[in-house]
Amino acid sequence: MMMVPSAAVKKPETTTPTPNSEMASHDASSMHSQLTTSSMMTATTPSDMIDHGSAKTCVTKFMMGLTNALTSARNSAKTAMPRIGGWPMGCMPGRRRTITAAAMVRTSQRVRNPFIDAIMPERGVRAGRYAVGEIWCDNGAMILHLHLVRHGQTYFNRYNRLQGWSNSPLTEAGLADADKAGEKLKGFDFTAAYCSDTTRAEQTAARILDINEQAGHSRPKLVADMHFREQFYGYFEGQDMAMAWWAAGAPHGAKTYNAIVEQYGLKGTRDFLKEADPFHDAESDDEYWSRVEAGFALIASNPDLKDGDDVLQISHGNTLLSLMHRFAGPGYDLSERPANGSVTSLDFDTTKPIGEAVTVVSYNQ
C-alpha cells in the first residue's frame, strides 16, 4: 500500500506572539491567512486521497495538522486581536463554546473543503465567525428581539418621588399594569427573561411569565441582575422629583428636569445630579452607561440564545427613555415618558459594537 507523500502534509510553522504595540495591525484575515497557507494540507480533496491509496491515513494526518493549526491560531488570536472592554474589536460575545478541531478561525471567506465542511457544525461555517479563547464572535447577524416592559406602578411612582436603586411595592394599579403587559405578550415564546434585582421588577416579571406559561409556553428562568437597574440617584433617592431636579439644574440655569434635557441633554441630568449630591453617590452619565452596556453584554453571552429569539426584559422609566434618546430615529415623541406596564421593543444584534447594535422597533406600546 502506498503512503501519502510527506509533502502532502505540512507541519504548522511556529508563530511568535505579536507584541502589544503591533496588535492593532492584526485582524481576523491575518489569522485566516496563517491557518490556510502555513498549516493546512495542500492536497485534501477525496480524489487526491484515493489516488494516494490511503484515505484513512490522510484523514488522520489532516486532523492532526488541523488541530495544531487551531492551537497556533487560537494562541495568536488571544494576543493579536484588538480588544475593547474585553471583547474583540467590532464584536460583542454572541455565544460561548469550547474550541475543538471543529471550531476553526473564520473570516468572511469560507474555506471550501469537503472534509472541513463535514466536521463543521452548520452554525460554525457562517460567514465571519471566529473564535477567541472560549468566546464565539459571529460577524454574521445574530439578532435578538428584546421586549422591554416598564414595571408596574409603585407607591414612589404614585407620590412622584425619585426611585432608582431604592424600592417601593407595586400598587394595586401596578399589579394590573403587570397583568396587562402579560396579556400583550402572551403570544411570544420567550427563550430568556431578565430584570433588575428590585422587587418591583421581579414582581412584574413573575406575573407576565405566569400569564405566558398559562398560554402554553415554556417558562424561562428569570435572571435578576443589578445591571438592569434604574439610574442611581444617590442622595436624592426617594426625594420629591421636582425638588431633586431643581437642586441639580438650578445652578446651571435649568430649574426642571425637562429644562435640563432641553439645554444639556440626558447626560446633563445625570452629571448635574451627581454634582449636586453631597456624597457624589449618584451615577454620572459615564457610570450609568457602563453598567447598562454590561447588561446588554450579559444577554449577548447567554449560550442558549440564537438568532431570532424573543427575550423578555423588565426595565425602568428613565432607562427606557435613555435608550430611546440614544438609539431611536426620528418620529418618536420622547416628551412622553413610558407608561407603567408599557412595552418597548428593540432588535439587538449581538455581533455589533453596542453603539450600532440596537434598533428601536416600537416605543411605549
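Residues numbered from 1 in each chain as written. Predicted model: local features only at pLDDT ≥ 70, side-chain atom pairs only at ≥ 80, totals over all residues. Heavy atoms only, no water.

Draft legend 1. Region of interest: the pairing of strand S7 (residues 190-195). The element S7 is largely enclosed, with a buried count of five among its six residues. The sheet contact formed by S7 and strand S9 (residues 310-315) spans five bridges and is parallel. If you follow Ala192 over to S9, its bridge partner there is Val311. This β-α-β element, S7 to helix H7 (residues 199-214) to strand S8 (residues 222-224), shows right-handed connectivity. (Buried < 20%, exposed > 50% of the residue type's maximum accessible area, 1.4 Å probe, protein only. Helix = DSSP H or I, 4+ residues; strand = E, 2+ residues; numbered from the N terminus. Pairing = 2+ DSSP bridges. Right-handed = clockwise from strand over helix to strand, strands pointing away.)

Draft legend 2. Quick peek at the environment of Gln203. In this fold, Gln203 is placed in helix H7. Given the relative accessible area of 37%, Gln203 is considered partly exposed. In sequence terms Gln203 and Ile314 are 111 residues apart; their C-alpha atoms lie 9.7 Å from each other.

Draft legend 3. Fine view of the packing of aromatic side chains. Across all of its chains, the model carries 12 aromatic pairs by this definition. With a centroid separation of 5.5 Å and an interplanar angle of 50°, the aromatic rings of Tyr194 and Phe228 are classed as tilted. Of this pair, Tyr194 sits in strand S7 while Phe228 is found in the loop between S8 and helix H8 (241-249), placing the two residues 34 residues apart along the sequence. Just as Tyr194 is buried, Phe228 falls in that class too. For the ring pair Tyr235 and Phe236, a centre distance of 5.4 Å and an interplane angle of 85° mean the geometry is edge-to-face. Tyr235 gets classed as partly exposed once you look at its relative accessible area, which sits at 43%. Ring-pair connections join several aromatic residues into one group, and the members of that group are Tyr233, Trp245 and Tyr257. Here Arg270 stacks its cationic end above the ring of Tyr288, 4.1 Å away from the centre of that ring. For the cation-ring pair, Arg326 lies above Trp289, with the distance from its terminal atom to the ring centre recorded as 4.6 Å. (Phe/Tyr/Trp six-rings, centres within 6.5 Å; stacked < 30°, edge-to-face > 60°. Lys NZ or Arg CZ within 6 Å of the ring centre and 35° of its normal.)

Draft legend 4. Summary view of the nonpolar core. Membership of the largest hydrophobic core comes to 42 residues, with the highest contact counts inside it found for Leu146, Trp245, Phe296, Ile299, Leu305 and Phe348. The element contributing the most residues to this core is helix H9 (residues 257-276), with seven residues. Core analysis: the next-biggest nonpolar cluster, separate from the first, contains 13 residues, Ala181, Leu185, Cys195 and Leu209 among them. (Core = buried A, V, L, I, M, F, W, Y, C linked by side-chain atoms within 4.5 Å.)

Draft legend 5. Focus on the pattern of salt bridges. Tallying each qualifying case throughout the model produces 11 salt bridges. Here Arg229 makes a salt bridge to Asp197, at a shortest N to O gap of 2.7 Å. Remark: Asp197 occurs in the loop between S7 and H7 and Arg229 occurs in the loop between S8 and H8; sequence separation between them is 32 residues. What makes Arg229 buried here is its relative accessible area of 18%. Under the relative-accessibility criterion, Asp197 is labelled partly exposed at 34%. Here Asp210 makes a salt bridge to Arg219, at a shortest N to O gap of 2.7 Å. You can call Asp210 partly exposed: its relative accessible area is 34%. (Salt bridge = Lys/Arg side-chain N within 4 Å of Asp/Glu carboxyl O.)

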